[in-house]
Amino acid sequence: MPDRFETQSRKLLGRLRDIMASGDAGQARLDEIVRLIASSMRAEVCSIYLFRDVETLELCATEGLEQDAVHQTRMRLGEGLVGRVARTKRVVNTGDAPSSKGFRYMPETGEERYSSFCGIPVQRLGETMGVLVVQSLESREFTADEVYALEVVAMVLAEMNELGAFTGDGAALRARHQDPLMVRGTIGQEGAAGGNVYLHEPRVVVTNLVADDPDAEMARLREAVDTLRVSVDEMLTQTAAVNKDQKQVLEAYRMFANSRGWMKRMEADIAQGLSAEAAVEKEQSLARTRMGQADSYLRDRLHDLDDLSNRLLRILTGQGGNTTGDDMPENPVLVARNIGPGELLEYGKQLKGIILEEGSVGSHAAIVARAWAIPLVIRAEGIVAAALNGDPVLVDGEQGIVHLRPDDTVQAAFRDKIAMQAEAQVRYASIRDLPAQAKCGTVIALHMNAGLMADLPSLESSGAEGVGLFRTELQFLVRSQMPKRAELSALYARVMDAAQGRRVAFRTLDIGSDKVLTYMKPNDEPNPAMGWRAIRVGLEKPGVLRMQLQALIRAANGRPLSVMFPFVAQLEEYRMARAELDKAMAREKILGHPLPDTFEIGAMLETPSLAFAPDVFFEEVDFISIGGNDLKQFFFAADRENERVRRRYDTLNVSFITFLEQLIARCKQHNTPISFCGEDAGRPIEAVAFAALGLRSLSMRPASIGPVKHLLRRLNLDEVKQVMDDARARGDQSARGAISDYLRTQV
Ligand code: PEP
Ligand code: MG
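Residues numbered from 1 in each chain as written. Chains lettered and ligands numbered in written order. Predicted model: local features only at pLDDT ≥ 70, side-chain atom pairs only at ≥ 80, totals over all residues. Heavy atoms only, no water.

Peer 1: What exactly am I supposed to notice about the overall build of the protein here?
Peer 2: Helices and strands together make up the secondary structure of the protein, namely 28 helices and 23 strands. Projected onto the principal axes, the alpha-carbon positions of the protein cover approximately 90 × 60 × 45 Å. In the protein, which comprises 747 residues, the proportion classed as buried is 54%. Summed over its atoms, the accessible surface of the protein is roughly 32,000 Å², and 50% of this surface lies on carbon and sulfur atoms. Of the side-chain charges in the protein, 91 are positive and 104 negative, and the distance between the mean point of each set is 5 Å. (Helix = DSSP H or I, 4+ residues; strand = E, 2+ residues; numbered from the N terminus. Buried < 20%, exposed > 50% of the residue type's maximum accessible area, 1.4 Å probe, protein only. Areas by Shrake-Rupley, 256 points an atom, 1.4 Å probe, with all protein chains shown as cover. Lys, Arg positive; Asp, Glu negative; His and termini not counted. Charge placed at Lys NZ, Arg CZ, Asp CG, Glu CD.)

Written out as structure tokens, the structure is:
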């Protein structure tokens, strides 16, 4: 038997549904709602405050306070009791409001007569939209049942607001999801793109919030939860053998799916009059609020519960996820909390831009986006909640800014930016087949970095001379299990075919640090960037390295082969790695496979130690490639993944350029070819500085070849070198300012 509160609550929700269905304007609906709630709760006052902007709440409707105060009374987030509810996302329930902490009296409302106050956050999926307040003359706290009923009402109000029920004539507030929004994130991949939002996991839209028949809703919920349990069990049996981490997550899913507490709370919500899906969403919303306040372990678990709630909502509403990519808008810009490289590869190059709420510059997804030159902004906080499928959006990868639903001025400025980019592309295409020859006559070889088959067509379009760095780990990262030797060999052969005789420097597997293979035992290290990674793994557990070397020799099938080892920190490691290749050659010879016509074996210089290796290292190694991304982080002791320190030390810092200069001199002395293949090689000013220091070969993203060549061709490198020397002589901390000033006089 439903108790009195449940009956009352259901009646109230039923009336709210009628209001929602009415053709009334937004303000009329709000006015009607506050009247209804006040009478149903037997309170003298009921008011609704909604956010006017992110910082300001506005009284939008009231029963009991002065009507003149509506749309006049405003408070900042955190100000007064209402502001406190909004900021803390918690209920404030007191019988003596004036003596409560933070109380602030708004004279125009006439509220001084009311002693008791109960404020409930109006929130949807953890995001606060406003505050629902009831006040009464009598000094008493509202009961737990009353507060619960108000929470259910607040949830329905949030959904109504989301669906735009309070907008239109007379209402001062526009619907959320209509206003332009600028989000400042972090640069993941440069470039500018405009398009339409394509949510990786589209929000499920719940339109039937209120239900008349609680028994039917309970049955629907139970059936959906049963389906969910079965699907979680199925996922568990499928992945059990493969991946421990994933298994742990699924175990957590199972725990929640079987949780009596979760089920009980949703059943109680239904008893109050909510539909099954509204009940799921109410609990999901609560979990999201807690997420913001939880420690990292609990946050992960709440994340799991959030995912599970989404699955349950999809089952209940029949609305699917975006896994097929069928309903992609024109010029899709992918918006996601985070995404794995495999999923990103499935969407393919048709994406115009990518915006992630989480992610890091070195994440696998970022590497893929960079390889495809798709503008990427990461850490765009709040974008997933704010964006709707199909919303117009501009991605400014140069500055790490996203403009959602941009207004005309922003759009016009952006169009100019994109047009300038297009003009520049035409300029770069016109010099594609010309050498990167500076005015002083020096020619710099420009190569490209690659890692996926999809990168290879860029060899032709960018005018790169070859592939200076082929990151073989990408093939390992995008799979769910270790690739087989035959697969790798076929792939490497296709890469060499596509290169049509141009040099491809294959870097052997560089895993560890931020590159984690889900199918390999996780390695719990306090400092993975300085831990068991790259060649250290290859030498201690040589199985994969040997398999890869064999695959490379077979792929070459008699053609020239170029291999380099990542993260070599000392001579001995280079010797051991080279010995592995010699052994592999000998084995292949015995097996009757043709050996490469010629081969060169290089080392990536990514730790300062290798620059100080004994002379014989420079004699023995066939070539050196500077991995500036890692080298710089160890030179300055500044973590490349830590946004706080990543940009602290300039690549053109005089200490770093002097270090590079000395390294280049040692290579020259021993006739050891040296090139630079970190991200900095693709930045025009850095590239010019490297060339002036004596580097004659640079490897970069294909999209950077045009801009770098364009700048190099207009400069005299001797003059650039002189500018750098003067900066050092003056004691400048970085040569960047002096070089930039010089460039302004040249272009
Ligand atoms: C580097 O460190 O500069 C490099 C090219 O390797 P990674 O793949 O680690 O960026
Ligand atoms: Mg590296």
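Peer 1: Please explain the domain arrangement of the protein as it appears in this structure.
Peer 2: By a widely used convention, the size of an interface equals the accessible area lost when the partners come together. By domain assignment, the protein separates into domain 1 (3-162), domain 2 (181-202 + 329-416), domain 3 (214-317) and domain 4 (435-746). Put simply, the middle of domain 1 and the middle of domain 2, counted by C-alpha atoms, are 37 Å apart. (Domains from an automatic or database assignment.)

Peer 1: Help me out: how do you make sense of the coordination of the magnesium ion (ligand 2) in this one?
Peer 2: For a metal with four donors in a tetrahedral arrangement, the ideal angle between donors is 109.5 degrees, while six donors in an octahedron ideally sit at 90 or 180 degrees. Protein coordination at the magnesium ion (ligand 2) comes from Glu606 (OE) and Asp630 (OD), with a distance range of 2.0 to 2.1 Å. Of this pair, Glu606 sits in the loop between strand 20 (599-605) and helix 20 (608-611) while Asp630 sits in helix 22 (residues 628-635); the two residues are 24 residues apart in sequence, bridging distant segments of the chain. Taken as a pair, Glu606 and Asp630 share a single burial class, namely buried. (Donors = N, O, S within 2.8 Å, 3.2 Å for Na, K, Ca; no water.)

Peer 1: Hey, could you run me through the site of ligand 1 in this one?
Peer 2: Around ligand 1 sit 14 residues in total, of which Arg471, Arg507, Glu606, Gly627 and Asn629 are the nearest. Between ligand 1 and the protein, one listed contact pairs an oxygen atom with a side-chain N or O atom of Arg471 at 2.8 Å. Asn629 places a polar main-chain atom, nitrogen or oxygen, 2.7 Å from an oxygen atom of ligand 1. Taken by itself ligand 1 offers 290 Å² of open surface, and the protein chains cover 98% of this. (Near = heavy atom within 4 Å. Polar contact = N/O pair within 3.5 Å; in protein donor to acceptor, adjacent residues only side chain to side chain.)

Peer 1: Explain the environment of Arg52 here, please?
Peer 2: You can see Arg52 is positioned in strand 1 (residues 45-53). The sequence separation of Arg52 and Val232 amounts to 180 residues, and the corresponding C-alpha distance is 42 Å. A polar contact of 2.7 Å, which involves the side chain of Arg52, links it to the side chain of Glu58.

Peer 1: Mind showing me how you'd approach the confidence of the model for the protein here?
Peer 2: Predicted coordinates in areas of low pLDDT are best not read in detail. Of all residues in the protein, 93% attain a pLDDT of 70 or more, and the chain-wide mean is 88. Confidence drops under a pLDDT of 50 for residues 169-174, and excluding neighbours within four residues, the segment shows 20 contacts in the predicted structure. (pLDDT = per-residue confidence, 0-100. Contact = heavy atoms within 4.5 Å.)

Peer 1: I would appreciate a short explanation of helix 18 (residues 543-556) in the present structure.
Peer 2: Owing to its 3.6 residues per turn, the α-helix brings residues three or four apart onto one side. Along its 14 residues, helix 18 runs 20 Å from first to last C-alpha, staying within 8% of the 20 Å computed at 1.5 Å per residue. Summarising burial for helix 18: 10 of the 14 residues are buried, a large majority. The elements touched by buried residues of helix 18 are helix 15 (473-477), helix 16 (485-499), strand 18 (504-507), helix 17 (535-540), strand 19 (561-568) and helix 19 (571-590). (Expected span 1.5 Å × (residues − 1).)

Peer 1: Looking at this model, I keep getting lost on the sheet that holds strand 12 (residues 376-378). Mind explaining?
Peer 2: Where strands meet in a sheet, backbone hydrogen bonds hold them as pairs that are either parallel or antiparallel. Pairing in this open sheet of eight strands is mixed, and the strands run 7-14-13-9-10-11-12-8 from one edge to the other. Each having just a single partner strand, strand 7 (181-184) and strand 8 (186-189) make up the two edges of the open sheet. Across the sheet, the mean angle from the axis of one strand to that of its neighbour is 25°, orientation sign disregarded. Note: strand 8 against strand 12, three bridges, orientation antiparallel. Residue pairing in the sheet places Thr186 in a bridge with Ile378 of strand 12. (Pairing = 2+ DSSP bridges. Axes fitted to C-alpha atoms, helices over the stretch in contact; angles between N-to-C directions.)

Peer 1: Help me out: how do you make sense of the sheet that holds strand 3 (residues 74-76) in this one?
Peer 2: Reading across from one edge, 3-2-1-6-5-4 is the order of the six strands in this open sheet, with antiparallel pairing throughout. The open sheet terminates on both sides in strands that have one partner only, identified here as strand 3 and strand 4 (92-94). Ignoring strand direction, the axes of neighbouring strands in this sheet form an average angle of 25°. The pairing of strand 1 with strand 6 (residues 127-136) spans six bridges and is classified as antiparallel. The residue bridging Tyr49 from the neighbouring strand is Val131, located in strand 6. In the packing of helix 2 (residues 26-41) onto the sheet, the strands contacted are strand 1, strand 2 (56-63) and strand 6, and the crossing angle to strand 2 comes to about 65°. Contacts from helix 4 (residues 144-162) reach strand 1, strand 4, strand 5 (116-124) and strand 6 within the one sheet, and its direction differs from that of strand 5 by about 40°.

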